[in-house]
Amino acid sequence: METRMGYKTNRMILEELISEYSLSKEKAMDMYERIGLLFHGITTVIATTKMDYADEVILKMIRQTIEDACK
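None of these values were measured; they are calculated from a predicted model.

Rules behind the numbers
- Residues numbered from 1 in each chain as written.
- Predicted model: local features only at pLDDT ≥ 70, side-chain atom pairs only at ≥ 80, totals over all residues.
- Heavy atoms only, no water.
- Core = buried A, V, L, I, M, F, W, Y, C linked by side-chain atoms within 4.5 Å.
- Buried < 20%, exposed > 50% of the residue type's maximum accessible area, 1.4 Å probe, protein only.
- Helix = DSSP H or I, 4+ residues; strand = E, 2+ residues; numbered from the N terminus.
- Contact = heavy atoms within 4.5 Å.
- 1 Å grid on protein atoms, 1.4 Å probe; cavity = no way out; pocket = protein on both sides within 12 Å on 5 of 7 lines; lining within 4 Å.
- Points joined across faces, edges and corners; volume = space filled by probe spheres on them.
- Nonpolar A, V, L, I, M, F, W, Y, C, P; charged D, E, K, R; others polar.

## Looking at the nonpolar core
By size, the foremost hydrophobic cluster in this structure holds 12 residues: Met5, Leu14, Leu17, Leu23, Ala28, Met31, Tyr32, Ile35, Ile42, Ile58, Ile62 and Ile66. When residues of this core are traced back to their parent elements, those giving at least two are α1 (8–21), α2 (25–48) and α3 (55–69). In terms of residues, this core owes the most to one element, α2, which gives 5 residues. In contact with Ala28, other than residues within four places in its own chain, are Leu14, Leu17, Ile18 and Leu23.

Listed below in structure tokens is the structure:
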């Protein structure tokens, strides 16, 4: 995880999670890891099958996952 945080874009995502969802840094890092795995799974399905998802559907799925985990 430390290696990932060496990239500015990843730090920006982490900061957005902290700000948008009022998370501690530790909780935001956990959430970031979960989102990464979810996103990787979605992209793998798209790349290896004929399934096609609209960007809006993927964003909704990720947002809903974050909101559910923050409850």
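## A few points about the layout of surface pockets
Computed from the structure, the largest pocket encloses a volume of approximately 330 Å³. As for the largest pocket, its lining consists of 13 residues, of which Ile13, Leu17, Ile35, Ile62 and Ile66 are closest to the centre. Taken together, the elements giving at least two residues each to the lining of the largest pocket come down to α1, α2 and α3. Split by residue class, the lining of the largest pocket holds 9 nonpolar, 2 polar and 2 charged.

Shape is all these values report; function is a separate question.
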